[in-house]
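Residue-level listing of the chains:
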Amino acid sequence: MRNEDTPNGVTEIPFEFPLKPKPGQSLYETYHGVFVNIQYNLKADMKRSMLNKDLSKTLEFLVENKPDTEKRTDVRVDFNISPDTLDNVRQKDRVSPFKISGSLNTATCSIVKPFLGQFVVESSTIDIKSIELQLLRVETCGCAEGYAKDATEIQNIQIADGDVCRGQAIPVHMIFPRLFTCPTLATKNFKIEFEVNIVVVFQDGHLVTENFPIKLIRDA
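An unreviewed UniProt entry annotates the protein chain as Down syndrome critical region protein 3 originating from Capsaspora owczarzaki. If you open the UniProt record of the protein chain and go to Sequence similarities (unreviewed entry), you find "Belongs to the VPS26 family."

*Asks:* Could you clarify how one ought to interpret a nonpolar patch on the surface in this entry?
*Replies:* On the surface, Phe15, Phe17, Leu19 and Leu42 cluster together to form a nonpolar patch covering roughly 390 Å² of accessible area. Note on placement: Leu19 falls in the segment before strand 1 (31-32).

*Asks:* Help me understand the pattern of salt bridges in this model?
*Replies:* Pairs may arise between side chains of opposite charge once their charged atoms sit close together. Applying the stated criterion to the full structure yields eight salt bridges. With a closest N to O distance of 3.0 Å, Arg178 and Glu64 form a salt bridge. Of this pair, Arg178 sits in the loop between strand 11 (169-174) and strand 12 (185-186) while Glu64 is found in the loop between strand 4 (55-61) and strand 5 (77-81), placing the two residues 114 residues apart along the sequence. Among the residues examined, Arg178 registers a relative accessible area of 23% and is labelled partly exposed.

*Asks:* What is the right way to look at the packing of aromatic side chains in this model?
*Replies:* Pairs of aromatic rings are described using the distance from one ring centre to the other and the angle between the two planes. Here the structure, examined in full by the defined rule, presents six aromatic pairs. Plain terms: the ring middles of Phe15 and Phe17 are 6.3 Å apart, the flat faces sit at 5 degrees to each other, and that makes the pair stacked. When its relative accessible area of 59% is taken as the criterion, Phe15 is described as exposed. Measuring from centroid to centroid gives 6.0 Å for Tyr28 and Phe190, while their planes differ by 85 degrees, and the two rings are edge-to-face. Taken together, the positions of Tyr28 in the segment before strand 1 and Phe190 in strand 13 (residues 190-202) put the pair 162 residues apart, joining distant regions of the chain. Overall, the relative accessible area of 25% leaves Tyr28 in the partly exposed class. You can call Phe190 buried: its relative accessible area is 17%.

*Asks:* Where do I start with the nonpolar core in this structure?
*Replies:* Soluble globular proteins tend to pack their nonpolar side chains together in the buried interior. Counting residues in hydrophobic clusters, the biggest one holds 41 residues, and the most contacted among them are Phe115, Phe119, Ile131, Phe176, Ile192 and Ile214. Within the residue set of this core, elements represented by two or more residues are strand 5, strand 6 (98-104), strand 8 (115-124), strand 9 (128-143), strand 10 (146-161), strand 11, strand 13 and strand 14 (207-217). Ranked by residues supplied to this core, first place goes to strand 13 with seven residues. Setting aside residues no more than four positions away along its own chain, Phe119 makes contact with Phe79, Ile100, Ser101, Gly102, Ile131, Ile159, Gln168, Ala169, Ile170 and Val172.

*Asks:* What exactly am I supposed to notice about the sheet that holds strand 11 here?
*Replies:* Backbone hydrogen bonds are what pair the strands of a sheet, in a parallel or an antiparallel way. Pairing is antiparallel across the open sheet formed by four strands, whose spatial order is 5-6-8-11. Edge positions in the sheet fall to strand 5 and strand 11, since each of these pairs with one other strand and no more. The average angle at which neighbouring strand axes cross in this sheet is 20 degrees, direction not considered. The pairing of strand 8 with strand 11 spans six bridges and is antiparallel. Residue Phe115 lies in a different strand from strand 11, and its bridge partner there is Met174.

*Asks:* What is the right way to look at the environment of Glu210 in this model?
*Replies:* Along the chain, Glu210 turns up in strand 14. Looking at Glu210, the relative accessible area reads 18%, which means it is buried. Put simply, Glu210 and Val138 are 72 residues apart on the chain and 16 Å apart in space, counted from C-alpha to C-alpha. Excluding residues that lie within four positions of it along the chain, Glu210 makes contacts with Ile81, Val196, Asn197 and Ile198.

Procedures and definitions
Residues numbered from 1 in each chain as written. Predicted model: local features only at pLDDT ≥ 70, side-chain atom pairs only at ≥ 80, totals over all residues. Heavy atoms only, no water. UniProt positions renumbered as here; feature names shortened; annotations may be inferred. Patch = residues over 30% accessible without salt bridge, like charges linked within 9 Å, V, L, I, M, F, W, Y side chains within 5 Å. Areas by Shrake-Rupley, 256 points an atom, 1.4 Å probe, with all protein chains shown as cover. Salt bridge = Lys/Arg side-chain N within 4 Å of Asp/Glu carboxyl O. Helix = DSSP H or I, 4+ residues; strand = E, 2+ residues; numbered from the N terminus. Buried < 20%, exposed > 50% of the residue type's maximum accessible area, 1.4 Å probe, protein only. Phe/Tyr/Trp six-rings, centres within 6.5 Å; stacked < 30°, edge-to-face > 60°. Core = buried A, V, L, I, M, F, W, Y, C linked by side-chain atoms within 4.5 Å. Contact = heavy atoms within 4.5 Å. Pairing = 2+ DSSP bridges. Axes fitted to C-alpha atoms, helices over the stretch in contact; angles between N-to-C directions.

In structure tokens:
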């Protein structure tokens, strides 16, 4: 039987509370990973009479740290990719000649700003099929007895399709996905780091990859 004093419809009760870490602990930013997850949930329980089932609702909320106000200077990262620069190829003389040059605006990246750069295909004896930009998370978990380190892909963006023009500057532009990235983090028990790969796929099926470790920060 409904209480006559309870109004029909939705009753909203605004509230707020300070979110503070326990002594000796820290509040890390929300992050959804494969081996590491940092999540914050708010749970509300409503106790009802014996003839009615109790109600419960859980809602995740996001936590972001205050921006780092320390001034920093972006340092451009220049790169050149050719058969001679490949580290994971044993017989480099079997790789068809090519040369790609470019730059990344910085390796210390703001998580709220686009990842920017550019590259130029200077020469290639084999037609190019695709050029892609991969964002990877590198999660390290463990303790003093041992650590496990795994890299998994977050997103893959095609930045060139087909045999691109030689000597033409091609821009690199990528937005960091909110839930799957966070400022680079290192604690006693785990680490969360990030890398980007530039992947060039040739028409004959071969591909080459150039890896760049990056550091994510939160700034204004």
